[in-house]
Amino acid sequence: MKVAEAQVFVCCPGRNFVTLKLTTDDGLVGYGDATLNGRELAVASYLSDHVLPCIIGRDPFQTEDTWQYVYRGAYWRKGPVTMTAIAAVDVALWDIKAKALNTPLYNLLGGKSRHGVMVYSHANGRDLEETADAVAKYIEQGYLAVRAQTGVPGLPSTYGVSADKTAYEPAKAGLPEEHVWSTEKYMRHVPLLFEKLRARFGFEPHLLHDAHHRLTPIQAGRLGKDLEPYRLFWLEDPTPAELQEGFGVIRQHTTTPLAVGEVFDSVWDCYKLIREQWIDYLRMDVLHGGGVTPMQKIAAYADMHHVQTGSHGATDLSPITMGTALHFDIAVHNFGIQEYMHFAPATEEVFPHDYRFEGGYMHPGESAGHGVGFNEKLAARYPYQRAYLPVNRKLDGTLWNW
Ligand code: GCO
Ligand code: MG
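What you see is a predicted model, and the numbers here were worked out from it, not measured in a lab.

This part covers the overall build of the protein chain. The helix and strand tally for the protein chain stands at 12 helices and 18 strands. Projected onto its principal axes, the C-alpha coordinates of the protein chain cover approximately 60 × 45 × 45 Å. For the protein chain, contacts bridging at least 24 residues in sequence account for 73% of all contacts bridging at least 6. Accessible area of the protein chain: about 15900 Å², with a carbon and sulfur share of 54%. In the protein chain, 37 side chains carry a positive charge and 47 a negative one; their mean positions are 3 Å apart.

Turning our attention to the coordination of the magnesium ion (ligand 2). Protein-derived ligands of the magnesium ion (ligand 2) are Asp210 (OD), Glu236 (OE) and Glu262 (OE), with the metal-ligand distances lying across 2.0 to 2.2 Å. Mapped onto the sequence, the residues coordinating the magnesium ion (ligand 2) show the spacing D-x25-E-x25-E. Of this pair, Glu236 sits in strand β9 (residues 234–236) while Glu262 sits in the loop between β10 (258–260) and α8 (271–275), and the two are 26 residues apart along the sequence. With respect to class, Glu236 is no different from Glu262; both count as buried.

A separate point is the pairing of strand β17 (residues 391–394). Here strand β7 (residues 178–181) runs beside β17; their pairing, made up of four bridges, is parallel. Its bridge partner lying in β17, His179 is registered against Asn392. Bridging between β17 and strand β18 (residues 399–400) involves two bridges; their strand directions are antiparallel. Bridge pairing in β18 links Arg393 to Leu399. Counting the residues between successive antiparallel strands, the hairpin from β17 to β18 contains four residues, one of them, Gly397, with a positive phi of roughly 95°.

Before going further, it helps to spend a moment on the site of ligand 1. Among the 15 residues in the neighbourhood of ligand 1, the closest are listed as Tyr159, His212, Glu262, Asp316 and Glu339. Within the side chain of Arg283, one N or O atom sits 3.0 Å away from an oxygen atom of ligand 1. For ligand 1, whose unbound accessible area comes to 340 Å², protein coverage reaches 94%. Mapping ligand 1 onto the cavity grids shows that it belongs to the largest pocket. Considered class by class, the residues forming the shell around ligand 1 number four nonpolar, four polar and seven charged.

Take the domain arrangement of the protein chain next. For the protein chain, the domain assignment lists domain 1 (3–103) and domain 2 (108–368). With centres defined by C-alpha atoms, the gap from domain 1 to domain 2 works out at 26 Å. The interface of domain 1 with domain 2 comprises 32 residues on the first partner and 33 residues on the second. Across the domain 1 to domain 2 interface the summed buried area is about 2500 Å²; carbon plus sulfur atoms make up 64%. For the pair domain 1 and domain 2, the interface holds four salt bridges. A salt bridge links Glu169 to Arg15; the shortest N-O distance between them is 2.5 Å.

To continue, consider the environment of Leu93. Along the chain, the position of Leu93 falls in helix α3 (residues 80–100). Among residues more than four places away in sequence, those in contact with Leu93 are Val3, Leu22, Pro60, Thr63 and Thr66.

This part covers the layout of surface pockets. As a volume, the largest pocket reaches approximately 1100 Å³. Looking at the largest pocket, it is lined by 43 residues, and the ones nearest its centre are His213, Glu262, Val263, Leu389 and Trp402. Partitioned by chemical class, the residues of the lining of the largest pocket number 19 nonpolar, 10 polar and 14 charged. Residues lining the lining of the largest pocket come from more than one domain, with at least three contributed by each of domain 1 (3–103) and domain 2 (108–368). Size it by volume and the second largest pocket reaches roughly 580 Å³. As for the second largest pocket, its lining consists of 34 residues, and the residues nearest its centre are Tyr168, Glu169, Pro170, Ala171 and Lys172. Two domains each provide a minimum of three residues to the lining of the second largest pocket, namely domain 1 (3–103) and domain 2 (108–368).

Further remarks concern the sheet that holds β17. Ordered by their spatial adjacency, three strands build an open sheet running β7-β17-β18, and the pairing between neighbours is mixed. In this open sheet, the two edge strands, each paired with only one partner strand, are β7 and β18.

Moving on, we get to the sheet that holds strand β1 (residues 3–11). Read across the open sheet, the three strands follow the order β1-β2-β3; overall the sheet is antiparallel. Each edge of the open sheet is held by one strand with a lone partner, namely β1 and β3 (29–33). Along the sheet, successive strands turn relative to each other by an average axial angle of 20°, direction set aside. As paired elements, β1 and strand β2 (residues 17–24) share eight bridges and run antiparallel to each other. Directly across from Val10, in β2, lies its bridge partner Val18. Strand contacts of helix α1 (residues 40–55): β1 and β2, with the helix running at about 175° to β1, the strand carrying the most contacts.

So, how was this worked out
- Residues numbered from 1 in each chain as written.
- Chains lettered and ligands numbered in written order.
- Predicted model: local features only at pLDDT ≥ 70, side-chain atom pairs only at ≥ 80, totals over all residues.
- Heavy atoms only, no water.
- Helix = DSSP H or I, 4+ residues; strand = E, 2+ residues; numbered from the N terminus.
- Contact = heavy atoms within 4.5 Å.
- Areas by Shrake-Rupley, 256 points an atom, 1.4 Å probe, with all protein chains shown as cover.
- Lys, Arg positive; Asp, Glu negative; His and termini not counted.
- Charge placed at Lys NZ, Arg CZ, Asp CG, Glu CD.
- Donors = N, O, S within 2.8 Å, 3.2 Å for Na, K, Ca; no water.
- Buried < 20%, exposed > 50% of the residue type's maximum accessible area, 1.4 Å probe, protein only.
- Pairing = 2+ DSSP bridges.
- Near = heavy atom within 4 Å.
- Polar contact = N/O pair within 3.5 Å; in protein donor to acceptor, adjacent residues only side chain to side chain.
- 1 Å grid on protein atoms, 1.4 Å probe; cavity = no way out; pocket = protein on both sides within 12 Å on 5 of 7 lines; lining within 4 Å.
- Sits in = over half its atoms within 2 Å of the grid points.
- Nonpolar A, V, L, I, M, F, W, Y, C, P; charged D, E, K, R; others polar.
- Domains from an automatic or database assignment.
- Buried area = accessible area lost by both parts, 1.4 Å probe.
- Salt bridge = Lys/Arg side-chain N within 4 Å of Asp/Glu carboxyl O.
- Points joined across faces, edges and corners; volume = space filled by probe spheres on them.
- Axes fitted to C-alpha atoms, helices over the stretch in contact; angles between N-to-C directions.

Spelled out as structure tokens, the structure:
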């Protein structure tokens, strides 16, 4: 069996997605997600212009050799555009391989290690009351874990809070929106949210929070300490992680569990974070992490250091990534939790899938492959629309991390 055809589709059913379709000479089809929020066309070109000519004619069973070929073979390593493109090829090949063997993908990754994949969803509100009501809604729907983000008094907008209660989508058409930020106001307000949530819901539901890279390590240590009485499942992205030692500083000051990694694209972004046990959850996913092939190795390395997985699953990763992640999550021994946001209805239609939510857990489905399809005809009705994530400025105008 050989890869006979490779096509890249860019569409915008609710938001932009880049999708890779590989077809074999036997007529088997595999799909991979190649979406990089705000930089979609760069990955589409990287694939079409540079990677795909090398994929035609290859044996789809050779996932390891093909991964090494497109990673080492390019000479230029790493980077989100490169790794997202490589992931699309890798996932599409795993999809074909599982379909050729007529089995769900998880069976090729070690089989089921658990009966379901615990997911967390996103609750947000403009103030504490509205946020608590949003958390209540998810708990009523059966979620065992909820991420809570709230508006901060004195700031017109902040990360994670939107007018649309069903889907949080920060990428907008036009030039990047400008947000205003104050670490001090934020740090005083967030503990009040979790105090309120624990008073209302008790300690049974898992509660998570995303600081979205905005604190210095010592500020993150302070926030982690202030949040300790509320027993968070995790505090995410407390500080940017290019300097991995920053997490060592946070660790000296708090026992609040730490999660990081949604912007990582290689083990070299988290090598020390894991080795030194400075984090508890790794947020890398099978898309921006370079595919299933490297993520199996990274998860095994994390497992040896008491670090669990906590895969990124925002709506800018297509249902193909969600489906693939669920097969990975159900198989990998040191699975921790999976992020799950609701896709727009148009996204759900373009990407039919057999995964489903039940009682706080997601189930990957039993069809062969990763279980997610792609409706090309429907996708063609939603042309690409340039969109950007916001930028963030401190009160004095200094550009800060969004
Ligand atoms: C998360 C993330 C997202 C990112 C988005 C950027 O925890 O889900 O922080 O909300 O902001 O994926 O494209
Ligand atoms: Mg995040």
